Amino acid sequence: MIHRIIRFSAENKVLVIAATLVALLGAGWTMRNIPLDALPDLSDTQVIVYSRWDRSPDILEDQVTYPIIAGLLGAPRVKAIRGFSDFGFSYVYVIFEDGTDLYWARTRVLEYLSKITPQLPADVKTELGPDASSVG
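Just so it is clear, the model here is predicted, and its values are computed rather than measured.

Calculation criteria
Residues numbered from 1 in each chain as written. Predicted model: local features only at pLDDT ≥ 70, side-chain atom pairs only at ≥ 80, totals over all residues. Heavy atoms only, no water. Phe/Tyr/Trp six-rings, centres within 6.5 Å; stacked < 30°, edge-to-face > 60°. Helix = DSSP H or I, 4+ residues; strand = E, 2+ residues; numbered from the N terminus. Buried < 20%, exposed > 50% of the residue type's maximum accessible area, 1.4 Å probe, protein only. Lys NZ or Arg CZ within 6 Å of the ring centre and 35° of its normal. Bend = angle between axes of the 7 residues up to and from the residue. Contact = heavy atoms within 4.5 Å.

Caption draft 1: Expanded view of the packing of aromatic side chains. Scanning all chains against the criterion turns up four aromatic pairs. With a centroid separation of 5.9 Å and 20° between ring planes, the pair formed by Tyr 50 and Phe 89 is classed as stacked. Remark: Phe 89 occurs in strand S3 (residues 89-96) and Tyr 50 occurs in strand S1 (residues 46-52); sequence separation between them is 39 residues. The class of Tyr 50 is buried, set by a relative accessible area of 17%. Between Tyr 50 and Tyr 91 the ring centres are 5.3 Å apart and the planes differ by 35°, which places this aromatic pair in the tilted class. Taken together, the positions of Tyr 50 in strand S1 and Tyr 91 in strand S3 put the pair 41 residues apart, joining distant regions of the chain. For Tyr 91, a relative accessible area of 30% gives the class partly exposed. An aromatic cluster is built from Tyr 50, Phe 89 and Tyr 91, whose rings are joined through pairwise contacts. Directly above the ring of Tyr 112 sits Lys 115, whose terminal nitrogen or CZ lies 4.9 Å from the centroid.

Caption draft 2: How the structure looks around helix H3 (residues 57-72). A bend of about 35° at Thr 65 is the largest found in H3, and the proline Pro 67 appears one to four places after it. Listed in full, the buried residues belonging to H3 are Leu 60, Val 64, Thr 65, Pro 67, Ile 68, Ile 69 and Leu 72. Buried residues along H3 sit against S1, strand S2 (78-86), S3 and helix H4 (102-116).

Structure below.
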């Protein structure tokens, strides 16, 4: 089989060169016109709520993290909410359904957060995380 392919290629050099040029032109056109990312972002849309308060993790969990999670549970298109408390820091990750626009999600979280912040202790500083996906 391989001998026949080699013999055909040797006898029909012009046809092989023309097929190679057509394949190269097709590859060049494809590279310019197909909208693909080198590293596609397959992650979910998420918004991070970051809070600072100089207290122990237990107090932070009870007075900051839990009220934020409870207040954000009713937000539309929310798939999951995860909260983590550490010494002086609280992180709440709000994960939205597939296809949710990042800026729409950030706006919803800000709306719900404006209702929650009066319930938090006075010296808690709460802000949204960076405007980026979880991939980068």
